[in-house]
Amino acid sequence: MSAVALRPFVPADAKRCAEIFRASIEELAAEDYDADQREAWASRADDEEAFGARLAGALTLLAVIDGEIAGFASLKGAEEIDMLFVDPEFARQGVGRTLVDALTRLAQSRGAKRLTTEASDVAKPLFDRLGFTAQKRNLVRKGDQWLANTTMTKTFGADPAPPTRH
């Protein structure tokens, strides 16, 4: 397996990210959400201009393997992972972990004391493995469908004590 490289999102990436978003929902979420739920969720990328604007309005990173965009994730503000999607072709190859690890470091560098996400049932096991803790279950409306997800948080350690002077 090739290494996962990261780079920032640029507006020209919107189409590819929308494709990944749709494919990830259709294929990777098939065991957790029915066809109507997946369609309602995936339709959020139908307006690619608005979808791209949402990604551009956050700190969005792309995971790249052998020159191909394999996934993306976005940090909204300093404390919220807003989106994390991996192309099914690259699933379970460390793309999601790499993206979440990078956003975690960025959140900490921005002074965040914790990181929160609304994890789909598909993504929840990854966030569990990365030290996030489930806080509550949610039902969210997408079009005329209701989908379940889990609010998860990861709290960062307290700031180190300032050095003492002798």
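Attention here is on the structure that accompanies the text. (Residues numbered from 1 in each chain as written. Predicted model: local features only at pLDDT ≥ 70, side-chain atom pairs only at ≥ 80, totals over all residues. Heavy atoms only, no water.)

Among the 7 residues in strand β4 (residues 80-86), 6 count as buried, and that is most of the element. Across 6 bridges, the pairing between strand β3 (residues 68-76) and β4 is antiparallel. Along β4, the bridge assignment pairs A73 with L84. In this structure, the hairpin formed by β3 and β4 is closed by a connection of 3 residues, where G77 is found at a positive phi of approximately 65 degrees. With 2 bridges connecting them, β4 and strand β5 (residues 114-120) associate as parallel partners. When the bridges of β5 are listed, I81 appears paired with T117. Note on the crossover from β4 through helix α4 (residues 95-109) to β5: the handedness is right-handed. (Buried < 20%, exposed > 50% of the residue type's maximum accessible area, 1.4 Å probe, protein only. Helix = DSSP H or I, 4+ residues; strand = E, 2+ residues; numbered from the N terminus. Pairing = 2+ DSSP bridges. Right-handed = clockwise from strand over helix to strand, strands pointing away.)

Attention now moves to the packing of aromatic side chains. Tallied over the full model, the rule gives 7 aromatic pairs. Consider the rings of F127 and F132, whose centres lie 4.9 Å apart with planes at 80 degrees: the pair is edge-to-face. Each residue in the set F21, Y33, W41, F51, F72 and F85 is aromatic and connected to the rest through ring pairs, giving one cluster. (Phe/Tyr/Trp six-rings, centres within 6.5 Å; stacked < 30°, edge-to-face > 60°.)

Moving on to the side chain of S24. With respect to the helices and strands, S24 occurs in helix α1 (residues 14-28). Ignoring any residue separated from it by four or fewer positions in sequence, one finds S24 in contact with A29, F85, V86 and P88. (Contact = heavy atoms within 4.5 Å.)

Taken as a whole, this structure holds 11 salt bridges when the rule is applied. The residue E68 makes a salt bridge to R16 at a minimum N-O spacing of 3.3 Å. Of this pair, E68 sits in strand β3 while R16 sits in helix α1; the two residues are 52 residues apart in sequence, bridging distant segments of the chain. A salt bridge links D82 to R54; the shortest N-O distance between them is 2.9 Å. Residue D82 is located in strand β4, and its partner R54 is located in helix α3 (residues 48-56); the two are separated by 28 residues in the primary sequence. One salt-bridge network, in which partners are shared between bridges, spans K15, R16, E19, E68 and D87. (Salt bridge = Lys/Arg side-chain N within 4 Å of Asp/Glu carboxyl O.)

Another aspect to go through is the environment of E68. Judged by its relative accessible area of 33%, E68 is partly exposed. Separated by 52 residues in the primary sequence, E68 and R16 have C-alpha atoms spaced 9.7 Å apart. Residue contacts for E68: discarding those within four places in its chain leaves R16, A63 and F90.

This next bit is on the packing of α1 against helix α2 (residues 35-42). Look at α1 against α2: their axes get within 9 Å of each other, and the N-to-C directions meet at 165 degrees. When the axes of α1 and α2 are compared, the pair comes out roughly antiparallel. With respect to the hand of their crossing, α1 and α2 are arranged in right-handed fashion. Between α1 and α2, the contacting residues are F21, R22, I25 and E26 on the first element and R38, E39, W41 and A42 on the second. (Axes fitted to C-alpha atoms, helices over the stretch in contact; angles between N-to-C directions. Parallel < 35°, antiparallel > 145°, perpendicular 65-115°, else oblique. Left-handed = near helix turned anticlockwise from the far one by under 90°.)

Once that is clear, we can look at the nonpolar core. Among the nonpolar cores identified, the biggest contains 26 residues, and V95, V100, F127 and F132 are the most heavily contacted of them. Those elements that provide at least two residues to this core are β2 (59-65), β3, β4, α4, β5 and α5 (124-129). The element that contributes the greatest number of residues to this core is α4, accounting for 6 residues. Contacts of V100, omitting those with residues within four sequence positions, involve I81, L84, L126, F127, L130 and F132. Residues F9, I20, A45 and F51 belong to the second largest nonpolar core, which totals 20 residues. (Core = buried A, V, L, I, M, F, W, Y, C linked by side-chain atoms within 4.5 Å.)

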